Amino acid sequence: MATGYIRKRGNRSWQLTYDAPRGGDGKRRQRYETVHGKKRHAQARLNEILHSLNRGEYREPTTITVDEYLELWLRDYVRPNLRPRTAEGYGTIIHKHVLPSLGQIRLADLSPRHIQSYYSALLDRLSAQTIKHHHTLLHRAFEIAITWELLDRNPTQRVRTPKPKPSPARTLSTGEVRRLLAGARQTPYHVPIHLALYAGLRRGEILGLRWQDVDMDANTLSIHQTLMHVRGQGYIWGEPKSEGSRRTIAVSPATILLLRSHRERMEAEYAARGITAVLEQVCALPNGRLMKPDALSRACRRIACQCDIQGMRLHDLRHTHASLLLSEGTPIHIVQARLGHQSITTTVDIYGHVPQEADIAAGAAFARVVDTDVGKMWAIDEG
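Procedures and definitions
Residues numbered from 1 in each chain as written. Predicted model: local features only at pLDDT ≥ 70, side-chain atom pairs only at ≥ 80, totals over all residues. Heavy atoms only, no water. Helix = DSSP H or I, 4+ residues; strand = E, 2+ residues; numbered from the N terminus. Buried < 20%, exposed > 50% of the residue type's maximum accessible area, 1.4 Å probe, protein only. Contact = heavy atoms within 4.5 Å. Core = buried A, V, L, I, M, F, W, Y, C linked by side-chain atoms within 4.5 Å. Salt bridge = Lys/Arg side-chain N within 4 Å of Asp/Glu carboxyl O.

A. Structural detail: unusual backbone geometry. The phi torsion at Arg 12 lies on the positive side, around 60 degrees, for a residue other than glycine. Structurally, the position occupied by Arg 12 is in the loop between strand S1 (4-10) and strand S2 (13-20). Accessibility expressed as a relative area gives 44% for Arg 12, which makes it partly exposed.

B. How the structure looks around the environment of Val 177. By secondary structure assignment, the location of Val 177 is in helix H6 (residues 174-184). Separated by 166 residues in sequence, Val 177 and Ser 343 have C-alpha atoms that sit 28 Å apart. With residues near it in sequence (within four places) discarded, Val 177 still touches Leu 172, Leu 197 and Thr 320.

C. The arrangement of the nonpolar core in detail. Judged by nonpolar contacts, the single largest core of 42 residues is most densely connected at Leu 180, Ile 193, Val 214, Leu 221 and Leu 317. Looking at this core, the elements that each hand over two or more residues are H6, helix H7 (190-199), helix H8 (203-208), strand S5 (220-223), helix H9 (253-273) and helix H10 (293-306). Among the elements that line this core, the one with the most residues is H7, at 6 residues. If near-sequence neighbours (up to four positions away) are discounted, Leu 180 is found in contact with Leu 172, Ile 193, Leu 197, Ile 303, Ala 304, Cys 307, Ile 309, Met 312 and Leu 317. Residues Ile 93, Ile 115, Tyr 119 and Ala 145 belong to the second largest nonpolar core, which totals 31 residues.

D. The arrangement of the environment of Glu 88 in detail. Within the fold, Glu 88 resides in helix H3 (residues 84-102). By relative accessible area, which is 16% here, Glu 88 ends up buried. Sequence separation between Glu 88 and Pro 192 is 104 residues; the distance between their C-alpha atoms is 24 Å. Aside from chain neighbours lying at most four places away, what touches Glu 88 is His 229, Val 230 and Arg 231.

E. Molecular detail of the pattern of salt bridges. Following the criterion strictly, the structure yields 19 salt bridges and no others. The partner of Arg 153 in a salt bridge is Glu 33, and the shortest N-O contact between them spans 3.8 Å. Residue Arg 153 is found in the loop between helix H5 (128-147) and H6, and its partner Glu 33 is found in strand S3 (residues 29-36); the two are separated by 120 residues along the sequence. The buried category is assigned to Arg 153, whose relative accessible area is 17%. With relative accessibility at 9%, the residue Glu 33 sits in the buried group. Measuring nitrogen to oxygen at the nearest pair gives 3.0 Å for the salt bridge that ties Asp 109 to Arg 106. Residue Arg 106 is classed as partly exposed on the basis of its relative accessible area, which comes to 28%. Look at the salt bridges and you will find they share partners, linking Glu 33, Arg 45, Glu 48, Asp 152 and Arg 153 into a network.

Here's what the structure looks like:
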(Lines give C-alpha, C1' and ligand atoms only; values in the text may rest on other atoms or scores of the structure.)
Protein backbone atom coordinates (compact mmCIF):
# COMPACT_ATOMS: atom_id res chain seq x y z
CA MET A 1 0.00 0.00 0.00
CA ALA A 2 1.49 3.31 -1.12
CA THR A 3 1.91 6.01 1.52
CA GLY A 4 2.76 9.68 1.55
CA TYR A 5 2.39 12.83 3.59
CA ILE A 6 1.82 16.58 3.27
CA ARG A 7 4.07 19.34 4.69
CA LYS A 8 3.21 23.04 4.75
CA ARG A 9 5.82 25.10 2.90
CA GLY A 10 4.40 28.62 2.91
CA ASN A 11 1.19 30.63 2.61
CA ARG A 12 -1.21 28.37 0.67
CA SER A 13 1.70 26.16 -0.44
CA TRP A 14 2.06 22.45 0.38
CA GLN A 15 4.73 19.85 -0.37
CA LEU A 16 3.66 16.28 -1.10
CA THR A 17 6.13 13.50 -0.36
CA TYR A 18 5.60 9.92 -1.53
CA ASP A 19 7.54 6.86 -2.69
CA ALA A 20 7.59 6.06 -6.40
CA PRO A 21 7.94 2.41 -7.50
CA ARG A 22 11.45 1.09 -6.83
CA GLY A 23 13.85 0.94 -9.78
CA GLY A 24 15.74 -2.06 -11.09
CA ASP A 25 18.33 -1.64 -8.35
CA GLY A 26 15.66 -1.98 -5.65
CA LYS A 27 16.48 1.42 -4.12
CA ARG A 28 13.84 3.66 -2.61
CA ARG A 29 12.81 6.56 -4.88
CA GLN A 30 11.19 9.41 -2.99
CA ARG A 31 9.30 12.02 -5.00
CA TYR A 32 8.12 15.53 -4.16
CA GLU A 33 5.40 17.78 -5.60
CA THR A 34 4.23 21.25 -4.64
CA VAL A 35 0.53 22.13 -4.58
CA HIS A 36 -0.78 25.70 -4.22
CA GLY A 37 -4.14 26.37 -2.64
CA LYS A 38 -5.96 25.00 0.37
CA LYS A 39 -4.84 21.93 2.27
CA ARG A 40 -7.80 19.97 0.94
CA HIS A 41 -6.48 20.56 -2.60
CA ALA A 42 -3.11 19.11 -1.56
CA GLN A 43 -4.82 16.15 0.10
CA ALA A 44 -6.92 15.50 -3.02
CA ARG A 45 -3.77 15.56 -5.17
CA LEU A 46 -1.94 13.19 -2.83
CA ASN A 47 -4.92 10.83 -2.87
CA GLU A 48 -4.79 10.90 -6.69
CA ILE A 49 -1.11 9.95 -6.70
CA LEU A 50 -1.48 7.21 -4.09
CA HIS A 51 -4.47 5.77 -5.93
CA SER A 52 -2.48 5.62 -9.18
CA LEU A 53 0.42 3.96 -7.33
CA ASN A 54 -1.82 1.32 -5.79
CA ARG A 55 -3.41 0.55 -9.17
CA GLY A 56 -0.03 0.38 -10.93
CA GLU A 57 -0.92 3.39 -13.13
CA TYR A 58 1.64 5.86 -11.77
CA ARG A 59 3.73 7.82 -14.30
CA GLU A 60 6.92 9.66 -13.49
CA PRO A 61 6.57 13.44 -13.87
CA THR A 62 8.02 14.59 -17.17
CA THR A 63 10.74 17.27 -17.42
CA ILE A 64 9.18 18.79 -20.55
CA THR A 65 8.16 22.45 -20.22
CA VAL A 66 4.81 23.97 -21.19
CA ASP A 67 6.60 25.72 -24.07
CA GLU A 68 7.99 22.43 -25.45
CA TYR A 69 4.73 20.56 -24.97
CA LEU A 70 2.49 23.14 -26.68
CA GLU A 71 4.83 23.27 -29.69
CA LEU A 72 4.53 19.46 -29.94
CA TRP A 73 0.76 19.69 -29.55
CA LEU A 74 0.49 22.23 -32.36
CA ARG A 75 2.71 20.17 -34.66
CA ASP A 76 1.45 16.64 -33.96
CA TYR A 77 -2.20 17.15 -33.05
CA VAL A 78 -3.61 20.55 -34.00
CA ARG A 79 -2.30 20.98 -37.55
CA PRO A 80 -3.08 17.41 -38.74
CA ASN A 81 -6.55 17.26 -37.14
CA LEU A 82 -8.13 20.73 -37.00
CA ARG A 83 -9.19 23.18 -39.67
CA PRO A 84 -6.32 25.38 -40.93
CA ARG A 85 -7.97 28.58 -39.72
CA THR A 86 -8.50 27.07 -36.25
CA ALA A 87 -4.90 25.87 -36.17
CA GLU A 88 -3.70 29.36 -37.12
CA GLY A 89 -5.80 30.92 -34.36
CA TYR A 90 -4.51 28.45 -31.76
CA GLY A 91 -0.93 29.15 -32.82
CA THR A 92 -1.46 32.90 -32.46
CA ILE A 93 -2.91 32.55 -28.95
CA ILE A 94 -0.11 30.21 -27.84
CA HIS A 95 2.79 32.25 -29.20
CA LYS A 96 1.42 35.71 -28.39
CA HIS A 97 -0.11 35.06 -24.96
CA VAL A 98 0.41 31.62 -23.39
CA LEU A 99 4.13 31.02 -23.86
CA PRO A 100 5.35 34.41 -22.57
CA SER A 101 3.39 33.78 -19.34
CA LEU A 102 3.51 30.00 -18.80
CA GLY A 103 6.02 28.65 -21.28
CA GLN A 104 9.00 28.13 -18.96
CA ILE A 105 7.06 26.23 -16.28
CA ARG A 106 7.65 22.47 -16.19
CA LEU A 107 4.51 20.78 -17.53
CA ALA A 108 4.26 18.50 -14.49
CA ASP A 109 4.47 21.55 -12.17
CA LEU A 110 1.75 23.57 -13.92
CA SER A 111 -1.01 24.18 -11.38
CA PRO A 112 -4.49 25.72 -11.37
CA ARG A 113 -2.96 28.71 -9.55
CA HIS A 114 -0.61 29.40 -12.49
CA ILE A 115 -3.51 29.34 -14.96
CA GLN A 116 -5.82 31.41 -12.74
CA SER A 117 -3.12 34.09 -12.44
CA TYR A 118 -2.67 34.00 -16.23
CA TYR A 119 -6.39 34.66 -16.78
CA SER A 120 -6.41 37.47 -14.20
CA ALA A 121 -3.51 39.21 -15.97
CA LEU A 122 -5.29 38.89 -19.32
CA LEU A 123 -8.37 40.75 -18.03
CA ASP A 124 -6.46 44.02 -18.32
CA ARG A 125 -6.34 43.77 -22.11
CA LEU A 126 -8.73 41.05 -23.33
CA SER A 127 -12.46 40.45 -23.02
CA ALA A 128 -13.93 37.69 -20.86
CA GLN A 129 -15.16 35.94 -24.00
CA THR A 130 -11.63 35.89 -25.46
CA ILE A 131 -10.23 34.51 -22.20
CA LYS A 132 -12.84 31.77 -22.40
CA HIS A 133 -11.37 30.85 -25.82
CA HIS A 134 -7.93 30.63 -24.18
CA HIS A 135 -9.40 28.33 -21.53
CA THR A 136 -10.95 26.05 -24.15
CA LEU A 137 -7.60 25.84 -25.95
CA LEU A 138 -5.63 24.99 -22.80
CA HIS A 139 -8.21 22.45 -21.65
CA ARG A 140 -8.03 20.65 -25.00
CA ALA A 141 -4.25 20.78 -25.03
CA PHE A 142 -3.85 19.27 -21.55
CA GLU A 143 -6.45 16.57 -22.25
CA ILE A 144 -4.16 15.40 -25.06
CA ALA A 145 -1.21 15.57 -22.64
CA ILE A 146 -3.08 13.06 -20.46
CA THR A 147 -3.69 10.84 -23.48
CA TRP A 148 0.03 11.03 -24.33
CA GLU A 149 0.83 10.08 -20.71
CA LEU A 150 2.63 13.35 -20.00
CA LEU A 151 0.12 14.41 -17.33
CA ASP A 152 -2.22 12.49 -15.06
CA ARG A 153 -4.55 15.41 -14.37
CA ASN A 154 -5.79 18.46 -16.26
CA PRO A 155 -4.67 21.65 -14.44
CA THR A 156 -7.51 23.69 -15.98
CA GLN A 157 -10.27 21.70 -14.30
CA ARG A 158 -10.37 23.69 -11.06
CA VAL A 159 -9.88 27.08 -12.72
CA ARG A 160 -12.67 29.64 -12.96
CA THR A 161 -12.92 31.75 -16.08
CA PRO A 162 -14.39 35.29 -16.13
CA LYS A 163 -18.06 35.27 -17.04
CA PRO A 164 -18.57 36.76 -20.52
CA LYS A 165 -21.24 39.40 -20.89
CA PRO A 166 -23.81 38.38 -23.52
CA SER A 167 -23.45 40.48 -26.64
CA PRO A 168 -26.60 40.52 -28.77
CA ALA A 169 -26.16 40.05 -32.50
CA ARG A 170 -26.02 43.35 -34.41
CA THR A 171 -28.99 43.64 -36.78
CA LEU A 172 -29.31 46.33 -39.43
CA SER A 173 -32.56 48.17 -39.95
CA THR A 174 -34.15 48.10 -43.40
CA GLY A 175 -32.98 51.69 -43.91
CA GLU A 176 -29.39 50.74 -43.08
CA VAL A 177 -29.60 47.76 -45.44
CA ARG A 178 -30.65 50.05 -48.30
CA ARG A 179 -27.86 52.54 -47.53
CA LEU A 180 -25.23 49.80 -47.32
CA LEU A 181 -26.23 48.22 -50.65
CA ALA A 182 -26.28 51.63 -52.32
CA GLY A 183 -22.84 52.43 -50.92
CA ALA A 184 -21.40 49.10 -52.09
CA ARG A 185 -22.93 49.18 -55.59
CA GLN A 186 -19.93 50.68 -57.39
CA THR A 187 -17.34 48.57 -55.55
CA PRO A 188 -16.01 45.00 -56.11
CA TYR A 189 -17.67 44.07 -52.81
CA HIS A 190 -21.29 44.63 -53.81
CA VAL A 191 -22.04 40.99 -54.65
CA PRO A 192 -20.40 39.53 -51.49
CA ILE A 193 -22.33 41.99 -49.31
CA HIS A 194 -25.56 41.19 -51.19
CA LEU A 195 -25.03 37.43 -50.67
CA ALA A 196 -24.39 37.89 -46.95
CA LEU A 197 -27.63 39.86 -46.64
CA TYR A 198 -29.93 38.00 -49.03
CA ALA A 199 -28.65 34.44 -48.46
CA GLY A 200 -27.17 34.61 -44.97
CA LEU A 201 -23.87 33.05 -46.12
CA ARG A 202 -20.73 32.95 -43.99
CA ARG A 203 -17.64 34.76 -45.28
CA GLY A 204 -15.83 31.56 -46.33
CA GLU A 205 -18.98 30.29 -48.06
CA ILE A 206 -19.33 33.51 -50.05
CA LEU A 207 -15.74 33.36 -51.28
CA GLY A 208 -15.91 29.63 -51.96
CA LEU A 209 -19.07 29.90 -54.09
CA ARG A 210 -18.46 28.89 -57.72
CA TRP A 211 -20.54 29.58 -60.80
CA GLN A 212 -21.29 25.88 -61.06
CA ASP A 213 -22.95 26.13 -57.61
CA VAL A 214 -25.44 28.72 -58.90
CA ASP A 215 -28.58 27.35 -60.55
CA MET A 216 -30.02 30.36 -62.34
CA ASP A 217 -33.06 28.44 -63.56
CA ALA A 218 -34.05 27.09 -60.16
CA ASN A 219 -32.97 30.26 -58.28
CA THR A 220 -30.76 28.33 -55.84
CA LEU A 221 -27.23 28.41 -54.43
CA SER A 222 -25.44 25.22 -53.32
CA ILE A 223 -22.77 25.39 -50.61
CA HIS A 224 -20.09 22.72 -51.14
CA GLN A 225 -16.82 24.40 -50.14
CA THR A 226 -15.28 27.36 -48.37
CA LEU A 227 -12.25 29.54 -49.06
CA MET A 228 -9.87 30.73 -46.35
CA HIS A 229 -6.48 32.39 -46.31
CA VAL A 230 -3.93 31.20 -43.75
CA ARG A 231 -0.72 33.10 -43.02
CA GLY A 232 2.24 31.21 -44.49
CA GLN A 233 0.02 28.77 -46.40
CA GLY A 234 -1.94 31.02 -48.73
CA TYR A 235 -5.44 30.19 -49.97
CA ILE A 236 -6.96 26.93 -48.74
CA TRP A 237 -10.14 25.30 -49.98
CA GLY A 238 -12.05 23.65 -47.17
CA GLU A 239 -15.15 21.70 -46.33
CA PRO A 240 -18.22 23.54 -45.00
CA LYS A 241 -18.22 24.12 -41.25
CA SER A 242 -20.47 21.11 -40.51
CA GLU A 243 -22.58 18.59 -42.33
CA GLY A 244 -25.57 20.91 -41.91
CA SER A 245 -23.60 23.67 -43.62
CA ARG A 246 -23.53 21.65 -46.85
CA ARG A 247 -26.84 22.85 -48.22
CA THR A 248 -28.88 24.29 -51.10
CA ILE A 249 -30.87 27.46 -50.46
CA ALA A 250 -33.38 29.40 -52.50
CA VAL A 251 -32.68 33.02 -53.39
CA SER A 252 -34.84 35.74 -54.88
CA PRO A 253 -35.04 36.47 -58.62
CA ALA A 254 -33.40 39.83 -57.80
CA THR A 255 -30.31 37.97 -56.55
CA ILE A 256 -30.15 35.84 -59.69
CA LEU A 257 -30.55 38.94 -61.85
CA LEU A 258 -27.67 40.59 -59.96
CA LEU A 259 -25.48 37.50 -60.45
CA ARG A 260 -26.20 37.37 -64.20
CA SER A 261 -25.25 41.03 -64.55
CA HIS A 262 -22.17 40.50 -62.38
CA ARG A 263 -20.96 37.59 -64.50
CA GLU A 264 -21.35 39.54 -67.74
CA ARG A 265 -19.51 42.50 -66.23
CA MET A 266 -16.65 40.30 -64.95
CA GLU A 267 -16.26 38.55 -68.31
CA ALA A 268 -16.06 41.93 -70.05
CA GLU A 269 -13.50 43.11 -67.48
CA TYR A 270 -11.37 40.01 -67.98
CA ALA A 271 -11.53 40.40 -71.76
CA ALA A 272 -10.49 44.06 -71.53
CA ARG A 273 -7.52 43.10 -69.33
CA GLY A 274 -6.55 40.17 -71.58
CA ILE A 275 -7.18 37.62 -68.82
CA THR A 276 -7.80 34.20 -70.35
CA ALA A 277 -7.83 31.99 -67.24
CA VAL A 278 -11.20 33.06 -65.83
CA LEU A 279 -11.75 32.16 -62.19
CA GLU A 280 -14.65 29.90 -61.34
CA GLN A 281 -15.36 31.91 -58.15
CA VAL A 282 -18.44 34.10 -58.13
CA CYS A 283 -16.76 36.68 -55.91
CA ALA A 284 -13.35 37.59 -57.31
CA LEU A 285 -11.48 40.80 -57.94
CA PRO A 286 -11.67 42.58 -61.33
CA ASN A 287 -7.99 41.72 -61.95
CA GLY A 288 -8.83 38.00 -61.91
CA ARG A 289 -7.41 37.31 -58.48
CA LEU A 290 -9.07 35.68 -55.48
CA MET A 291 -10.54 37.96 -52.84
CA LYS A 292 -8.87 37.71 -49.42
CA PRO A 293 -11.32 37.06 -46.57
CA ASP A 294 -9.84 39.71 -44.27
CA ALA A 295 -9.80 42.26 -47.10
CA LEU A 296 -13.52 41.62 -47.64
CA SER A 297 -14.22 42.15 -43.92
CA ARG A 298 -12.24 45.40 -43.86
CA ALA A 299 -13.95 46.67 -47.01
CA CYS A 300 -17.38 45.92 -45.53
CA ARG A 301 -16.58 47.90 -42.37
CA ARG A 302 -15.21 50.78 -44.45
CA ILE A 303 -18.28 50.95 -46.68
CA ALA A 304 -20.58 50.76 -43.63
CA CYS A 305 -18.77 53.70 -42.00
CA GLN A 306 -19.09 55.70 -45.22
CA CYS A 307 -22.84 54.99 -45.08
CA ASP A 308 -23.01 56.18 -41.44
CA ILE A 309 -23.50 52.62 -40.10
CA GLN A 310 -21.23 52.36 -37.08
CA GLY A 311 -19.80 49.22 -35.46
CA MET A 312 -20.89 46.82 -38.19
CA ARG A 313 -19.07 43.62 -39.17
CA LEU A 314 -19.55 41.49 -42.26
CA HIS A 315 -20.96 38.68 -40.08
CA ASP A 316 -23.69 41.06 -38.86
CA LEU A 317 -25.25 40.83 -42.33
CA ARG A 318 -25.85 37.11 -41.72
CA HIS A 319 -27.47 38.04 -38.39
CA THR A 320 -29.60 40.59 -40.20
CA HIS A 321 -30.75 37.97 -42.72
CA ALA A 322 -31.88 35.64 -39.93
CA SER A 323 -33.47 38.31 -37.76
CA LEU A 324 -35.53 39.80 -40.62
CA LEU A 325 -36.75 36.34 -41.61
CA LEU A 326 -37.87 35.62 -38.04
CA SER A 327 -39.53 39.01 -37.69
CA GLU A 328 -41.59 38.15 -40.78
CA GLY A 329 -42.78 34.91 -39.20
CA THR A 330 -40.45 32.40 -40.91
CA PRO A 331 -40.35 29.18 -38.81
CA ILE A 332 -37.08 28.86 -36.94
CA HIS A 333 -36.30 25.43 -38.42
CA ILE A 334 -36.37 27.02 -41.89
CA VAL A 335 -33.97 29.72 -40.69
CA GLN A 336 -31.74 26.98 -39.26
CA ALA A 337 -31.61 25.20 -42.62
CA ARG A 338 -30.81 28.41 -44.51
CA LEU A 339 -28.01 29.36 -42.11
CA GLY A 340 -26.54 25.85 -42.15
CA HIS A 341 -26.60 25.34 -38.39
CA GLN A 342 -25.96 21.72 -37.46
CA SER A 343 -28.40 21.93 -34.55
CA ILE A 344 -31.54 23.99 -34.12
CA THR A 345 -30.30 24.70 -30.57
CA THR A 346 -27.63 26.96 -32.06
CA THR A 347 -30.25 28.93 -33.97
CA VAL A 348 -32.47 29.25 -30.90
CA ASP A 349 -29.56 30.34 -28.69
CA ILE A 350 -28.58 33.12 -31.11
CA TYR A 351 -31.95 34.21 -32.47
CA GLY A 352 -34.45 32.84 -29.96
CA HIS A 353 -35.28 36.28 -28.60
CA VAL A 354 -38.62 37.66 -29.76
CA PRO A 355 -38.24 40.78 -31.92
CA GLN A 356 -40.10 43.75 -30.41
CA GLU A 357 -42.35 44.19 -33.43
CA ALA A 358 -43.32 40.51 -33.41
CA ASP A 359 -43.94 40.67 -29.66
CA ILE A 360 -46.27 43.66 -30.06
CA ALA A 361 -48.11 41.92 -32.91
CA ALA A 362 -48.48 38.73 -30.83
CA GLY A 363 -49.91 40.69 -27.91
CA ALA A 364 -52.38 42.45 -30.19
CA ALA A 365 -53.42 39.17 -31.82
CA PHE A 366 -54.04 37.57 -28.42
CA ALA A 367 -56.10 40.54 -27.30
CA ARG A 368 -58.20 40.41 -30.49
CA VAL A 369 -59.03 36.72 -29.96
CA VAL A 370 -59.75 37.03 -26.25
CA ASP A 371 -61.71 40.28 -26.56
CA THR A 372 -63.87 38.70 -29.26
CA ASP A 373 -64.58 35.64 -27.13
CA VAL A 374 -65.26 37.74 -24.04
CA GLY A 375 -67.59 39.93 -26.09
CA LYS A 376 -69.52 36.87 -27.21
CA MET A 377 -69.77 35.67 -23.61
CA TRP A 378 -71.16 39.05 -22.50
CA ALA A 379 -73.71 38.95 -25.32
CA ILE A 380 -74.86 35.49 -24.25
CA ASP A 381 -75.11 36.54 -20.59
CA GLU A 382 -77.05 39.67 -21.42
CA GLY A 383 -79.34 37.70 -23.66
